[in-house]
Each structure stands twice: as structure tokens, then as C-alpha cells.
Amino acid sequence: MAPQSQAIYPLYDVTYTLHRVSPLYTGSDIPLNNHALSQHARKFRDILAGDVLRGVRVGLEPEDGSLPYMGALETVTWKLLPEEDLWTAPDETEIINDEDTAINVFTSPGHIITIAYEKIVYNAVLLRKSDEEPNDSVVGIGVDDGGFEHFPLLLTKMPNALRDTLTEFLSTTFDSRISLLELQSSYITTAFEKYLAYICAEGDGDSMITVESSRSIRDIIGVVTIFISFDLPDTTSLKQISFQISAPDLPRILDLGKKVPTRGDSPFLEALGIYVKRHMALDLKHKKVLISRIACDAFLLGIEGKVKIFLPTMTNEGESPQRRATKGLLSDLIHIAKGGPFLPE
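What you are looking at is a predicted structure, and each value in this text was computed from that prediction instead of being measured.

Caption draft 1: Broad picture of the pattern of salt bridges. Under the definition given, this model contains eight salt bridges. A salt bridge links Glu 84 to Arg 323, with the shortest nitrogen-to-oxygen separation between them at 3.7 Å. Residue Glu 84 is found in the loop between β5 (73-81) and β6 (110-117), and its partner Arg 323 is found in helix α8 (residues 321-337); the two are separated by 239 residues along the sequence. The same class applies to Glu 84 as to Arg 323, namely buried. Each of the salt bridges in this network shares a partner with another, and the network as a whole consists of Glu 84, Asp 85 and Arg 323.

Caption draft 2: Representation of helix α3 (residues 160-174) in the model. Its 15 residues give α3 an end-to-end C-alpha distance of 21 Å, which sits within 8% of 21 Å, the value for a rise of 1.5 Å per residue. If you check which residues of α3 are buried, you get Leu 162, Arg 163, Thr 165, Leu 166, Thr 167, Phe 169, Leu 170, Thr 172 and Phe 174. Note on α3: the residue one or two positions beyond its end, Asp 175, has a positive phi of about 50°.

Caption draft 3: Inspection of the packing of helix α4 (residues 185-199) against helix α5 (residues 210-221) at higher detail. Between α4 and α5, whose axes approach to 9 Å, the crossing angle comes to 125°. Relative to α5, the element α4 lies oblique. Two packed elements cross with a definite hand, and for α4 against α5 that hand is right-handed. Judged by residue contacts, Phe 192, Tyr 195, Leu 196 and Ile 199 of α4 engage Ser 216, Ile 217, Ile 220 and Ile 221 from α5. Classifying every residue of the contact of α4 with α5 gives seven nonpolar, one polar and no charged.

Caption draft 4: Here's a closer look at empty space enclosed by the protein. Within this structure, the stated rule accounts for two cavities of 30 Å³ or more. The calculated volume of the largest cavity comes to roughly 40 Å³. What lines the largest cavity is Tyr 187, Ala 191, Lys 194, Tyr 195, Tyr 198, Ala 325, Gly 328, Leu 329 and Asp 332. Elements supplying a minimum of two residues to the lining of the largest cavity: α4 and α8. Top element by residues in the lining of the largest cavity is α4. It accounts for five residues. For the lining of the largest cavity, the per-class residue count stands at six nonpolar, one polar and two charged. Here the second largest cavity defines a volume of roughly 30 Å³. Lining the second largest cavity we find Leu 11, Val 14, Tyr 16, Leu 155, Val 307, Lys 308, Ile 309 and Leu 330.

Caption draft 5: Focus on the environment of Met 70. Within the fold, Met 70 resides in helix α2 (residues 67-70). A sequence separation of 47 residues divides Met 70 from Tyr 117, and the C-alpha atoms of the two residues are 5.8 Å apart.

Caption draft 6: Structural detail: the side chain of Ser 185. Relative to the helices and strands, Ser 185 is located in helix α4. On the basis of relative accessible area, Ser 185 is assigned to the buried category, the value being 18%. Residues contacting Ser 185, with those up to four places away along its chain left out, are Leu 290, Ile 291 and Ile 303.

Caption draft 7: View of the packing of α5 against helix α6 (residues 249-258). At a minimum axis distance of 8 Å, the contact between α5 and α6 shows a crossing angle of 130°. The pairing of α5 with α6 is recorded here as oblique in orientation. Of the two elements, α5 crosses α6, and the hand of that crossing is right-handed. On α6, the residues touching Ser 214, Ile 217, Arg 218 and Ile 221 of α5 are Leu 250, Pro 251 and Leu 254. Among the residues forming the contact of α5 with α6, the class breakdown is five nonpolar, one polar and one charged.

Caption draft 8: Seen up close, helix α7 (residues 267-280). For α7, spanning 14 residues, the distance from its first C-alpha to its last is 19 Å, which sits close to the expected 20 Å at 1.5 Å a residue. Among the residues making up α7, those that are buried are Pro 267, Phe 268, Glu 270, Ala 271, Leu 272, Gly 273 and Val 276. The inward-facing, buried residues of α7 abut α4, β11 (224-230), β12 (240-245), α6 and β13 (289-295). Among the residues trailing α7, Ala 281 stands out with phi positive, at a value near 55°.

Parameters at a glance
- Residues numbered from 1 in each chain as written.
- Predicted model: local features only at pLDDT ≥ 70, side-chain atom pairs only at ≥ 80, totals over all residues.
- Heavy atoms only, no water.
- Salt bridge = Lys/Arg side-chain N within 4 Å of Asp/Glu carboxyl O.
- Helix = DSSP H or I, 4+ residues; strand = E, 2+ residues; numbered from the N terminus.
- Buried < 20%, exposed > 50% of the residue type's maximum accessible area, 1.4 Å probe, protein only.
- Expected span 1.5 Å × (residues − 1).
- Axes fitted to C-alpha atoms, helices over the stretch in contact; angles between N-to-C directions.
- Parallel < 35°, antiparallel > 145°, perpendicular 65-115°, else oblique.
- Left-handed = near helix turned anticlockwise from the far one by under 90°.
- Contact = heavy atoms within 4.5 Å.
- Nonpolar A, V, L, I, M, F, W, Y, C, P; charged D, E, K, R; others polar.
- 1 Å grid on protein atoms, 1.4 Å probe; cavity = no way out; pocket = protein on both sides within 12 Å on 5 of 7 lines; lining within 4 Å.
- Points joined across faces, edges and corners; volume = space filled by probe spheres on them.

In C-alpha cells form, the structure reads like this:
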């Protein structure tokens, strides 16, 4: 029996691979609902079970190295992803008669695809900006006049063979192009700076006093691990180094960065550059040096297209600085997938 999914919202506490997705062609001006998605789930399950796609057998064959620990295929579900505030239990998205009245197709932030094997469960999530306004000329959010739905960001957590089968199914079913979403090093640091700014701001946007902001940074961000990579010939053994910034040191580094006259909007990066140059004789502004990953207690983000977002803390009011920061991070990733700035050249 496959392990039961946890009550935690699917976007959290999972290391996902990021993908860009071009608009999905449905040929209809009506958004995909749970009834339509359940039909696609059945088709995809047939493929995984070993049926054919466009005349070619594409099911995962027994010689695939991942099958021994996966066990037999049990279920494939494809449903609307509820808004986070509505996600309360593993059976939150159960469908009765192929519909779920608890989920509004117009406010759902995306789709969740769950592939359950006997011994393990894999997920994929298609996301769009939840605050997108509907087009005045169509019925639903993200559907344009040509019958396309827009879910620019795909998150996957599964073996490569299964991921390839899923992306091929999406491509052929919806005439879409899917590619790995690699990120610029400049975005990794920008995302971290923006996250810090969010958690140091009150709900009305005003900055917290220094003591409160320092406490928030220590409690939410914790220890920060910086990974630095080098654009060097393959014959060079030095490829990556990493170092940590302790939770108490991080507010002090930010204070140092704010005192740099030329810091612009990047106090952390400026202070980090000063620290690394002083203690490691390494110039972060050199074109062959790049920050390739930042990991902390709130999230992990890497240029190779990996993200892990940890469950944000909550307050009695349901909102918190960390939750606002997490929403901002996800919104930025969706914007980048849609063709925004910080895509690799």
C-alpha cells in the first residue's frame, strides 16, 4: 500500500525540480475542471501501465532502475490544487462524481498530479499566479481566446524516467513545450534579499525596528549555507565551495551591507562580497565566480533549477511575515517561468 500523503500543503517541505511550461492548448474557453482532469489522469495511468502513446510504447519498463523500490502502480490522480487556506487534510481534494465544490476553478492556483506506487508517492504541481485577473473576453482565469490555459511553472518530484514520461504526455496532450527552468546566479541572491526584506516588514509595508527584524531573521532564516561555483575548465578539480553564516551573524552582516555607500538594493550581497574577499581572498564580482545555491531554514534555491520551501510559520491571524515572503518567492518563480527577468542567457 502506498504511503498516505501528509496534511501539509503540497508546495512545502519537498525538493522540486523547476520547469517552464508554454500555454496548454485545450481548445475550449472553459477552464479545466476536476472532471476533465480525471479523464487525463486515466489516460496517463494507461501510459504508465504500459499502453501506447502515438503508436509507441512508452510505459516504464521493468528494467528501469527505479521500479524495484517503487513497487506496482496503484493510482494516478490529477486535480485542481486548492488554495492554501482551504487545504486541511490529505483527503481535501477528494472528488465526488468527478467534482469538488470546495475548490473554485477560478481561484485555484493550479493542478496537482499524484502518482502513487505501492511503496512511494510522487507529485507534480502546475502553478499560475493566484492573483491573476480573468481576461474580460473569456470565461475563466488563464484561458485566452485561442483555447489556451496558462500554467507557466511546473514542479516535479519524481525519477527522471517518470518525469520524462509526464512531460511528454503534457507536450503531446496539450501541444505544449516544457523545459528545465535554470536560474541566474543573480536571481538566487535577489530572491534571498527580497525574502529578508519581506520578513523585516510589517503587514503595512513599514520596516520593523532593528531588534524585531534581527529576531525575525534569526528565527526564520536560521543558519545560511552559501554555495559558490566556478566557471573553470573541466580539468580543474575545484568546482564548488560552501560556507555557513550563523543565525546571530546574519543580522550583523546585513547591517554592514547597509553601510556600504554603493550597495544599491543588495545589502546582503555587498556585505557578503566584503566578507568573502577579506577572509577567503575571493572576489564574488569576478565573472568566473557565481553563487549557485543558497540554503536556509526557510528555503533552498539553486541555479540548476531546484527549490525547496519549508512550511512557513503561522500567526493567530493566519498571516505572517514569513508567509508573505514565501508567497513572494513563489510569485517570482512563476513570473520567471512566464518569461520574466533572471532567465539564463
